[in-house]
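# Results of the structural survey
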Amino acid sequence: MALSKKMLAIVGVLVIVVVVIIAAAALGGGNTKANDNNDNDNDNDNDNGDNTNTRDQIANVSYSGSGDKVSEKFELQAGVTIFHMTHSGSSNFAVTLYNEAGEYVDLLANEIGTYDGATLIGVKADQLVGAEPGKHYLQIEADGAWTIVIEQPRVASGAALPQTLTGSGPNVTIPIALTSGVAVFNMTHSGSSNFIVTLYADDGDYVDILANEIGAYSGEKSVTVNGGILNASPGIHWVSVDADGDWTIKITKM
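First, a word on what this report is: a plain description of the structure on this page. (Residues numbered from 1 in each chain as written. Predicted model: local features only at pLDDT ≥ 70, side-chain atom pairs only at ≥ 80, totals over all residues. Heavy atoms only, no water.)

### Overview of the pattern of salt bridges
Inspection of every chain in the model, using the stated rule, returns four salt bridges. Residue K73 is joined to E100 by a salt bridge in which the shortest nitrogen-to-oxygen separation is 3.7 Å. You can see K73 sitting in the loop between β2 (69–70) and β3 (74–76) and its partner E100 sitting in the loop between β5 (92–99) and β6 (104–112), a full 27 residues away along the chain. Here K73 falls in the partly exposed class, since its relative accessible area comes to 48%. For E100, a relative accessible area of 45% translates into the label partly exposed. (Salt bridge = Lys/Arg side-chain N within 4 Å of Asp/Glu carboxyl O. Helix = DSSP H or I, 4+ residues; strand = E, 2+ residues; numbered from the N terminus. Buried < 20%, exposed > 50% of the residue type's maximum accessible area, 1.4 Å probe, protein only.)

See the structure below:
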């Protein structure tokens, strides 16, 4: 049966409507797939976020020798750097850190006779205390054999409080985790010379001198942990100890 022009027009409209519906469905399916891809991207981002505790490790740098020497240049990156040093001589042992331009940065060791200890410096840009990131070198003054190992630890976590830390002579403690509130450092020293205890944040920021005495010592120092300008921020911290005798540091949260 032949269709009238009116019926043909109606059929034509219906065909157009069907085509539009099919096209819309196709476009909708494409949008859904794009959203799925976005979801996958978000999942990947979250996975990467979960891996923030994984930090790239920096290889140790080691030097050894005898007598007065100048080391080769080495790179210090932002964070904390620990210098492990030994000396087997009987006279002065001094290790001085300089930046690439030859500017004095810090006196790392200055003892008479044998030496076996460690000290920490913070490495952070625009900081008054410590070093700035970049190349440095060491001037070693000694009358015997010596070794120096430069460690730039990158840790994912610190020991929770309370903690009791002990040692003898100059050394650096394990990393500790300070949470918001007030931490109390109870310290003792049985030596006869300097006893200096310094607190650093894991990013290399100098926080505070907890003790600075000569000879035997027993005392406490509180540290406010709230992220204030003059206070510590919650996170990983390190304690550097300069001593000539046995020492203890008990850290509790008030």
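There's more to say after this.
### Focus on the packing of aromatic side chains
All told, the structure shown has six aromatic pairs when counted by the stated rule. With 5.6 Å between their ring centres and 45 degrees between their planes, F93 and Y115 make a pair best called tilted. Residue F93 is located in strand β5, and its partner Y115 is located in strand β7 (residues 115–123); the two are separated by 22 residues in the primary sequence. This pair shows no difference in class: F93 is buried, exactly as Y115 is. Between the aromatic rings of Y98 and Y137, the centroid separation amounts to 5.4 Å while the plane-to-plane angle is 15 degrees, which identifies the pairing as stacked. Here the residue Y98 occupies a position in strand β5, and Y137 occupies one in strand β8 (residues 134–141), the gap between them amounting to 39 residues. Taking relative accessible area as the criterion, Y98 reaches 22% and is therefore assigned partly exposed. (Phe/Tyr/Trp six-rings, centres within 6.5 Å; stacked < 30°, edge-to-face > 60°.)

### Some remarks on the pairing of strand β9 (residues 145–151)
Of the two faces of β9, only the one carrying W146, I148 and I150 is buried; A145, T147, V149 and E151 on the other face are not. Across six bridges, the pairing between strand β4 (residues 79–87) and β9 is antiparallel. What sits directly across from I82, in β9, is E151. (Pairing = 2+ DSSP bridges.)

### Focus on the nonpolar core
In this structure, F185, M187, F195, V197, L199, V239 and I249 are the most contacted members of the largest nonpolar core, which totals 23 residues. Those elements giving two or more residues to this core turn out to be β12 (176–178), β13 (181–189), β14 (194–201), β15 (206–214), β16 (217–225), β17 (235–242) and β18 (246–253). Excluding anything up to four places from it in sequence, L199 contacts L178, F185, Y206, V207, D208, L210, V223, H237, W238 and V239. (Core = buried A, V, L, I, M, F, W, Y, C linked by side-chain atoms within 4.5 Å. Contact = heavy atoms within 4.5 Å.)

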